[in-house]
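Close look at the chain arrangement
One-letter residues, chain by chain:
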Amino acid sequence: MCLLKNKGHEVTVISRQPGPGKITWDELELNGLPHCEGVINLAGENLMNPLRWWNEGYKKDLFSSRINTTKSLAQAIAGSPSPPCSWVLVTGVACYKPSLTAEYSEDSKWTPFDLLSKLVKEWEASALLQENMAKTTRQFIIRPGVVLGRDGGAMKQMLLPFWLGLGGTLGSGRQPFPWIHISDLAGIIAHALEHPGDVASSSPQVFNGVAPVLNTNYEFTKELGRIMRRPTILPVPGFFVKALMGSERAMVLTQGQKVIPKRTQESGYHYKYPDLTSALIEIVGD
């Protein structure tokens with residue numbers, strides 16, 4: 001949001017609570033979509049919320065918080081007398097099956113294989129506009145990996161153990177670790193809004209929101225420890241992660257995918273933090 005404002009855009013947030021620069025979801029349903037050039041959906045219950053136990057209620061919230069908001073926005077776009085030029089949905093790389101060898105680009109075919117990939121499938125399907133709408137509103141799907149930033153997300157939960165010298169690899173450490181700096185995720189979103197391309201399509205244009213390098217969890221752990229000047233000698237066993245987080249959620253940390261941002265780069269996006277060292281120094285460096 002800050003990046004878009006810095007670029008001169010006016011931003012309206014859809015929130016549960018009213019306030020300056022905001023509208024509520026109820027207002028959206030009642031009054032429709034306000035006039036705008038682009039719509040972005042970032043809504044969804046936090047998958048890695050440490051305060052919530054992995055149970056059926058939590059799983060239901062993961063689906064409903066994403067799919068219901070996406071459907072509401074897609075319906076608001078379809079019903080708008082002046083629909084936006086761009087419609088951007090941010091999902092995730094969980095659609096790609098974990099593998100130590102396979103590499104996935106935006107052109108890779110995939111089918112749901114577990115709970116989270118099923119979530120991505122239903123989530124992305126709920127965003128699709130009818131073919132006549134796609135002629136005026138270009139559709140984008142951005143699939144980010146682990147988002148790294150100063151003020152939240154994965155890093156917020158990692159930093160304390162590392163500062164205490166308790167950081168270590170998760171499971172074997174050999175699993176791929178697709179990641180992106182939060183500034184680059186924001187940059188890709190802005191890039192999609194501002195450079196929509198020349199041809200409208202009934203199918204969304206997919207951008208993999210990951211850094212253009214392939215790293216493992218071991219490489220990430222060692223580089224973070226080096227920059228923080230902390231030891232990383234205590235690996236966290238896979239069974240412990242599963243017991244703590246639930247087996248389906250633990251897969252996000254103990255398994256991974258080699259994801260390549262082929263179309264993201266071909267579209268002309270230039271990364272601000274294309275490698276782990278530059279990204280981690282910005283987040284935790286002196």
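Below, the structure is looked at part by part. (Residues numbered from 1 in each chain as written. Predicted model: local features only at pLDDT ≥ 70, side-chain atom pairs only at ≥ 80, totals over all residues. Heavy atoms only, no water.)

1. Brief notes about the packing of helix α3 (residues 56-78) against helix α4 (residues 115-125)
Look at α3 against α4: their axes get within 9 Å of each other, and the N-to-C directions meet at 15°. Judged by the angle between their axes, α3 and α4 are roughly parallel. Here α3 and α4 pass one another in a crossing that is right-handed. Judged by residue contacts, K59, L62, F63, R66, I67 and T70 of α3 engage L115, K118, L119, E122 and W123 from α4. Across the contact of α3 with α4, the residue classes break down as six nonpolar, one polar and four charged. (Axes fitted to C-alpha atoms, helices over the stretch in contact; angles between N-to-C directions. Helix = DSSP H or I, 4+ residues; strand = E, 2+ residues; numbered from the N terminus. Parallel < 35°, antiparallel > 145°, perpendicular 65-115°, else oblique. Left-handed = near helix turned anticlockwise from the far one by under 90°. Contact = heavy atoms within 4.5 Å. Nonpolar A, V, L, I, M, F, W, Y, C, P; charged D, E, K, R; others polar.)

2. Observations regarding the environment of Y96
You can see Y96 is positioned in the loop between β4 (86-90) and β5 (103-104). Considering only alpha carbons, one finds Y96 and N49, 47 residues apart in sequence, at a separation of 22 Å. Those residues in contact with Y96 that lie beyond four places of it in its chain are Y104, S105, E106, W110, F113, R143, N208, Q257 and V259.

3. With respect to the side chain of R143
Position of R143 relative to the elements: it lies in strand β6 (residues 138-144). Taking the relative accessible area as the measure of exposure, R143 reaches 5% and is therefore buried. In terms of polar contacts, R143 uses its side chain to reach the side chain of E124, at 2.9 Å. What R143 contacts, discounting residues up to four positions off in sequence, is T91, G92, V93, C95, Y96, W110, E124, V206, F207, N208, G209 and V210. (Buried < 20%, exposed > 50% of the residue type's maximum accessible area, 1.4 Å probe, protein only. Polar contact = N/O pair within 3.5 Å; in protein donor to acceptor, adjacent residues only side chain to side chain.)

4. Comments concerning the nonpolar core
I77, W87 and L119 are the most contacted members of the largest nonpolar core, which totals 27 residues. For this core, the secondary-structure elements that each account for two or more residues are α3, β4, α4 and α9 (238-245). A total of eight residues in this core trace back to one element, the largest contributor, which is α3. The residues contacting L119, other than those within four sequence positions of it, are L62, F63, R66 and I67. (Core = buried A, V, L, I, M, F, W, Y, C linked by side-chain atoms within 4.5 Å.)

5. Structural notes on the pattern of salt bridges
A full pass over the atoms with the stated rule returns 10 salt bridges. Between R150 and E282 there is a salt bridge whose closest N-O contact spans 3.2 Å. Taken as a pair, R150 in the loop between β7 (146-148) and α6 (153-163) and E282 in helix α12 (residues 276-284) lie far apart in primary sequence, 132 residues in all. The class for E282 is partly exposed, based on a relative accessible area of 24%. With a closest N to O distance of 2.7 Å, R226 and E223 form a salt bridge. Separated by three residues within a single helix, R226 and E223 lie in helix α8 (residues 217-228), roughly one turn from each other. By relative accessible area, E223 is classed as buried at 14%. What you see here is one network of salt bridges that share partners, running through D107, K262, R263 and E266. (Salt bridge = Lys/Arg side-chain N within 4 Å of Asp/Glu carboxyl O.)

Function cannot be read off these values alone, since they describe shape.
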